[in-house]
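# Working through the structure, step by step
Residue-level listing of the chains:
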Amino acid sequence: MTATVHRSMNAQVWGLLVLLGIIWGGSFFFGRIAVQFIPPMTLVLARVGLAAIALHIVFGWLPGFYASMASRWRELLLLGLLNNAIPFTLIFAGQIEVGAGLASIFNATTPLWTVMIAQLLTIDEKITPAKLVGCALGLAGMVLLIGPDALGLGDSPLWAKLAIIGAAISYGFAATYSKRFKGLSPRIIATGQLTASSLIMLPLALVVDQPWTLPMPPLDVIAAVLALALVSTAFAYILFFRILSAAGATSTSLVTLLVPPAAILLGIVFLGESLSLTETLGLGLIALGLLSLDNRLAIKW
């Protein structure tokens, strides 16, 4: 008989999840700007390479840091492939044609793929009615929140949509695979996977894009790349692996449901925008989905 382990999320973990949603919400905006000037593979290399350098500078002096990373290099290489190289490339390729809002909606299918993958590959995160209901409510809220007119289903080619869905599937495998890193410092995991994905993307970008032939991007694109690398990648993955160790793969993947609402909330705070009734209902459905997936209706303090 297999055992089922439920890991609930306390107020601190919920707070980190919301923060991560805001940070990754910005990544689709920055990516949409940058990919219009920088080819996808070169953009991925810039994102993961700069993020890896930043983390090496910040954490490389810690005792035993590189020894711990070297001892798990094979696993970190696979994690970098599943969690960075494949999904980032697919998302940026899709965003050549797909807008930031639609891309984030397709990316929000990650919890569904994570639930199915965890069902097949793990013994402690089996599918439950609460998880199914939670994912359904969250995705329904996402569609209601963005609205049918924002989907632009007739404006983007099928391959671009499938590319971003493929990225969500890769994230689902990565979230489940990350379980084997329990007990390893999030600093080591984040730095190791970004270093690995940088090594994967370097030859691909050099051969496919030949970045030395590209024109110098404008300042706003350079700023977008720096934001992608330092905020939406380096800092974000420290948060991601900390949440993963506390809440498990399925609950952590719910961050993808928070990305589009995070963009709207940022607009309210910084641009003076307001929520319509439809948008409010969408946020409510997402909140119910999060609570249902965590298998309770109240936060544990």
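Higher on the page you've got the structure.
In short, a report on the structure. (Residues numbered from 1 in each chain as written. Predicted model: local features only at pLDDT ≥ 70, side-chain atom pairs only at ≥ 80, totals over all residues. Heavy atoms only, no water.)

### Notes on the overall build of the protein
Our working rule: For the purposes of this entry, the term helix denotes a DSSP run of H or I that reaches at least four residues, the term strand denotes a run of E that reaches at least two, and both are numbered from the N terminus. When accessible area is computed with a 1.4 Å probe and restricted to protein chains, residues below 20% of their type maximum are described as buried, those above 50% as exposed, and intermediate ones as partly exposed. The accessible surface values rely on the Shrake-Rupley method and a 1.4 Å probe; as for residues, cover is taken only from the protein chains in view.
Assigned secondary structure in the protein consists of 14 helices and 0 strands. When its helices and strands are written in sequence order, the protein yields α-α-α-α-α-α-α-α-α-α-α-α-α-α. Within the protein, the fraction of its 301 residues that count as buried is 52%. Here the protein displays about 13600 Å² of accessible surface, and carbon together with sulfur accounts for 73% of that area.

### Re the pattern of salt bridges
We apply this condition: The salt bridge criterion pairs a side-chain nitrogen of Lys or Arg with a carboxyl oxygen of Asp or Glu, the two atoms within 4 Å.
Applying the stated criterion to the full structure yields 2 salt bridges. A salt bridge links Arg72 to Glu75; the nearest nitrogen and oxygen atoms lie 2.5 Å apart. Here Glu75 and Arg180 are joined by a salt bridge, their closest N and O atoms 4.0 Å apart. Within this pair, whereas Glu75 is found in helix H4 (residues 73-94), its partner Arg180 is found in the loop between helix H9 (158-177) and helix H10 (186-208), the two being separated by 105 residues in sequence. A residue is classified by how much of its surface remains accessible, and Arg180, at 46% relative accessible area, is partly exposed. Residues joined in a network through salt bridges with shared partners are Arg72, Glu75 and Arg180.

### Side note on the packing of H10 against helix H11 (residues 219-247)
The line we're drawing: To obtain each axis, a line is fitted to C-alpha atoms, and for helices this fit is confined to the stretch in contact; angles are then taken between N-to-C directions over 0 to 180 degrees. These descriptions rest on fixed angle ranges, namely under 35 degrees for roughly parallel, over 145 for roughly antiparallel, 65 to 115 for roughly perpendicular, and the rest for oblique. For a crossing to be left-handed, the near helix must be turned anticlockwise from the far one by less than a right angle; the clockwise case is right-handed. Residue contacts are defined here by distance: any two heavy atoms, one from each residue, within 4.5 Å place the two residues in contact. Each residue gets one label: Ala, Val, Leu, Ile, Met, Phe, Trp, Tyr, Cys and Pro are nonpolar, Asp, Glu, Lys and Arg are charged, and the others, such as Gly, are polar.
The geometry of H10 relative to H11 is characterised by a closest axis approach of 8 Å and an angle of 130° between their N-to-C directions. By the angle class used here, H10 and H11 are oblique. As H10 runs across H11, the sense of the crossing is right-handed. In contact with Pro186, Arg187, Ile189, Ala190, Gln193 and Leu194 of H10, H11 contributes Thr233, Ala234, Tyr237, Ile238, Phe241 and Arg242. Split by residue class, the contact of H10 with H11 holds 8 nonpolar, 2 polar and 2 charged.

### Focus: unusual backbone geometry
At Gln210, a position not held by glycine, the phi torsion is positive, near 45°. Mapped onto the secondary structure, Gln210 falls in the loop between H10 and H11. Judged by its relative accessible area of 36%, Gln210 falls in the partly exposed class.

### Thoughts on the environment of Gly101
Locating Gly101 in the fold gives a position in helix H5 (residues 100-107). Using a relative accessible area of 32% as the deciding quantity, one classes Gly101 as partly exposed. C-alpha separation for the pair Gly101 and Arg32, spaced 69 residues apart in sequence, amounts to 9.9 Å.

### Details of the environment of Leu79
Here Leu79 is to be found in helix H4. Taking relative accessible area as the criterion, Leu79 reaches 0% and is therefore assigned buried. Spatially, the C-alpha atoms of Leu79 and Ile189 are 9.0 Å apart, while their sequence positions differ by 110 residues. Leu79 has contacts with Asn84, Ala174, Tyr177, Ser178, Phe181, Ile189, Gln193 and Phe241, leaving out every residue within four places of it along the chain.

### Thoughts on the packing of aromatic side chains
Defined as follows: For this analysis, a ring pair means two rings from Phe, Tyr or Trp (six-membered ring only for Trp) whose centres lie within 6.5 Å, classed as stacked if their planes differ by under 30 degrees, edge-to-face if by over 60, and tilted for the remaining angles. Here, over-ring charges are defined by two tests on the NZ atom of lysine or the CZ atom of arginine: distance to the ring centre within 6 Å, and angle to the ring normal within 35 degrees.
Counted under the stated rule, the structure contains 8 aromatic pairs. Relative to Tyr237, the ring of Trp24 has its centre 5.7 Å away and its plane inclined at 70°; by these criteria the two rings are edge-to-face. Here Trp24 is found in helix H1 (residues 11-34), whereas its partner Tyr237 is found in helix H11, with 213 residues between them in sequence. Of the two residues, Trp24 and Tyr237, both sit in the buried class. A network of ring pairs unites the aromatic residues Trp24, Tyr237, Phe240 and Phe241 as a single cluster. Between the NZ or CZ atom of Arg47 and the centre of the ring of Phe88, over which it lies, the distance is 3.9 Å.

### A word on the side chain of Gln95
Rule in force here: Under this definition, polar contacts are N or O atom pairs within 3.5 Å; protein pairs additionally need one hydrogen-donor-capable and one acceptor-capable atom, and for neighbouring residues in sequence, both atoms have to be side-chain atoms.
Relative to the helices and strands, Gln95 resides in the loop between H4 and H5. Since its relative accessible area comes to 1%, Gln95 is described here as buried. A polar contact of 3.1 Å, which involves the side chain of Gln95, links it to the backbone oxygen of Phe28. In this structure, Gln95 is in contact with Phe28, Gly31, Arg32, Val35, Gln36, Ala100 and Ala103, ignoring residues within four places of it in sequence.

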